[in-house]
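# Coordinates in review
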Amino acid sequence: MRPNRLLALAGLAVLAAAALAHNLPRASPGLLNWAEPGNVAAALAGGRGFSDPFDGGTGATAWVSPLPVLVDAAVFAALGTKTAAAARALLILAVVGLGAANALLASALRPRGPWALGASSAAFLAYACLVPGGPLEVQSEAWLDILLCALLFWAVMGIGSGRRLAPHALVLSGALAPLENAGLCAAAGLCAAALLVMGRGAPGRSAAPLCALAAAALAAGAWGARNRAALGRFIPLKSNFWFELSLANADAPDGLPRMENVLRRLPFFDPGQFSLYASLGEVRYVSTFRKPALAAIGADPAHFAGNVMRRAADAFVFNRRDGGGEGTDHRFPPGDFARLVSSGELINLGGGASLWARIDAPPAAEAARFRALGLADGLGALRDWSEKRLSYDGEHFGLRGILVGLLVAGVPTAALLGAALAAGGSPGAPACWAALILFAMVLPYVLVNHNERHQLPLIAMQAVLIGSLAQAVAARRPAARA
């Protein structure tokens with residue numbers, strides 16, 4: 001059996017085992033957060049069209065990208081909407097998709113040397129299996145992002161080495177990227193543009209990248225035309241641009257929204273925001289965020305530039321994985337629960353679940369807030385908050401939190417720089433293409449609104465950078481001995 005095929009099968013086995021360990025005890029519909037894509041998929045499977053991201057019959061939407069929704073809707077149509085069987089099927093799809101991504105990386109990197117192949121595959125599996133809240137969580141969209149960016153990488157590497165199917169893979173990547181997210185759309189576009197420049201003057205070298213750009217434009221145009229018909233506005237990607245921009249630059253002083261900011265604004269959690277969204281309709285609701293976003297940016301452009309730099313550091317140096325919320329299963333007296341929710345201390349997630357929204361607040365200030373609320377069991381509430389705060393601090397600010405923050409941001413950046421240094425200037429084609437794809441995938445979010453979930457789709461390209469460093473270091477060893 002060929003080494004890369006064996007590696008791909010071994011990777012699939014590792015992913016399957018990790019998926020079972022992560023999800024088997026809780027892969028039931030009552031314990032899943034189906035979130036906006038799951039709600040739209042349920043509407044689609046139920047014959048209501050692409051609508052209702054927050055439930056409640058609010059009508060047509062472009063709040064989420066269509067490709068993940070179509071995948072979920074197909075599973076719902078076959079196995080029931082938001083059922084345990086559908087959850088397990090989506091988990092199997094995630095495992096197969098990640099296994100395919102690992103195989104694509106192995107195929108692309110095999111000619112580059114055993115260290116590039118082995119280290120990249122090991123890093124990819126470690127990221128996929130071990131990063132908290134990773135792509136093996138049920139209802140994570142990240143596996144599809146990862147698969148598509150691995151396909152794009154395989155295509156650009158294959159075009160350079162004459163693989164027969166590589167041009168077709170590039171065109172397919174161009175067609176699907178706008179339907180998945182803005183980052184992949186930017187990555188496919190930049191890769192096609194780079195291939196055009198590299199192949200300038202060579203006969204036949206421009207056909208594939210030009211077709212990929214045309215496919216991307218056609219896909220975005222078709223989705224935009226649907227949105228024009230359904231929502232009255234041409235929206236080529238997603239409708240919530242102003243919402244995201246305002247959230248990160250008007251509501252968040254440092255450009256990195258906390259859990260408290262996010263959940264206070266999402267119609268999914270806040271009844272007041274949901275009522276406003278339902279009454280105005282999606283387009284008009286999102287437009288209400290345009291003025292505060294532009295006002296915040298216009299009032300202090302230098303601060304906005306600082307926000308962009310802080311988001312870039314979050315993506316490429318150290319990823320701040322401290323959202324500011326922590327779930328609780330404490331049994332509050334009904335009056336206390338209502339007071340805590342109305343004051344913003346707790347967020348009611350429904351189904352008996354709730355979340356401390358200010359888990360990173362100073363303990364003395366939180367104790368004072370509880371006293372001011374006049375809770376019947378203020379001591380019990382404070383005790384539960386304190387226990388969750390200790391757990392939160394241990395996860396996000398302990399050694400594990402620091403290591404994860406570096407692994408998903410700084411380590412791949414250091415690997416790229418190390419590979420260039422070890423190779424005497426250029427880190428090699430795989431690292432250059434991986435860096436371009438990674439940069440393009442995260443660029444829209446660095447400019448608008450970035451958080452830890454935007455790092456998950458990057459793990460395939462981050463693994464390539466780590467493999468490139470390993471290969472560059474290994475290539476220097478014989479020279480050093482000589």
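The structure this text deals with has already been given above.
These remarks concern the structure in this document. (Residues numbered from 1 in each chain as written. Predicted model: local features only at pLDDT ≥ 70, side-chain atom pairs only at ≥ 80, totals over all residues. Heavy atoms only, no water.)

### Quick word on the overall build of the protein chain
- Counting its secondary structure elements, the protein chain contains 21 helices and three strands.
- For a compact globule of 482 residues, the expected C-alpha radius of gyration is about 23 Å, and the protein chain comes in at 23 Å, within 12% of that figure.
- When its C-alpha atoms are laid out on the principal axes, the protein chain stretches across 75 × 55 × 50 Å.
- Counting every position in the protein chain, which comprises 482 residues, the buried fraction comes to 49%. (Helix = DSSP H or I, 4+ residues; strand = E, 2+ residues; numbered from the N terminus. Rg over C-alpha atoms; globule rule 2.2 N^0.38 Å. Buried < 20%, exposed > 50% of the residue type's maximum accessible area, 1.4 Å probe, protein only.)

### What about the state of the cysteines?
- Following the criterion strictly, the structure yields zero disulfides and no others.
- You can see cysteine 185 has no disulfide; the closest cysteine sulfur is in cysteine 191, sitting 12 Å from it.
- Of the residues examined, cysteine 185 reaches a relative accessible area of 23% and is grouped as partly exposed. (Disulfide = S-S within 2.5 Å.)

### A word on unusual backbone geometry
- We note that aspartate 55 has phi near 65°; this positive angle belongs to a residue other than glycine.
- Tracing the backbone through its elements, the reader meets aspartate 55 in the loop between α2 (35-45) and α3 (66-79).
- On the basis of relative accessibility, which here comes to 37%, the residue aspartate 55 falls in the partly exposed class.
- Positive phi outside glycine occurs at lysine 82, with the angle close to 55°.

### Notes on empty space enclosed by the protein
- Inspection of the entire model under this criterion finds two cavities of 30 Å³ or more.
- There is about 110 Å³ of room inside the largest cavity.
- Around the largest cavity, the lining is made up of 13 residues, and of these Asp72, Leu90, Gln139, Ser140 and Trp143 lie nearest the centre.
- Secondary structure elements with two or more residues in the lining of the largest cavity: α3, α4 (84-109) and α6 (142-161).
- Looking at side-chain class alone, the lining of the largest cavity contains eight nonpolar, two polar and three charged residues.
- Space inside the second largest cavity adds up to approximately 30 Å³.
- If you trace the second largest cavity, you find it lined by Val131, Arg321, Val408, Glu452, Gln455, Leu456, Ile459 and Gln462.
- The residue inventory of the lining of the second largest cavity, partitioned by class, reads four nonpolar, two polar and two charged. (1 Å grid on protein atoms, 1.4 Å probe; cavity = no way out; pocket = protein on both sides within 12 Å on 5 of 7 lines; lining within 4 Å. Points joined across faces, edges and corners; volume = space filled by probe spheres on them. Nonpolar A, V, L, I, M, F, W, Y, C, P; charged D, E, K, R; others polar.)

### Examining a nonpolar patch on the surface
- Residues Val317, Phe318, Leu399, Ile402, Leu403, Leu406, Leu407 and Val411 make up a contiguous nonpolar surface patch of roughly 660 Å² in combined accessible area.
- Summarising the element assignment, leucine 406 is placed in helix α19 (residues 399-422).
- Accessibility expressed as a relative area gives 35% for leucine 406, which makes it partly exposed. (Patch = residues over 30% accessible without salt bridge, like charges linked within 9 Å, V, L, I, M, F, W, Y side chains within 5 Å. Areas by Shrake-Rupley, 256 points an atom, 1.4 Å probe, with all protein chains shown as cover. Salt bridge = Lys/Arg side-chain N within 4 Å of Asp/Glu carboxyl O.)

### Describing the environment of alanine 177
- With respect to the helices and strands, the residue alanine 177 is situated in helix α7 (residues 166-180).
- Taking the relative accessible area as the measure of exposure, alanine 177 reaches 5% and is therefore buried.
- Once the C-alpha coordinates of alanine 177 and glycine 255 are considered, the two residues, 78 residues apart in sequence, prove to be 26 Å apart.
- Excluding its chain neighbours within four sequence positions, the residues that come into contact with alanine 177 are Leu184, Cys185 and Ala188. (Contact = heavy atoms within 4.5 Å.)

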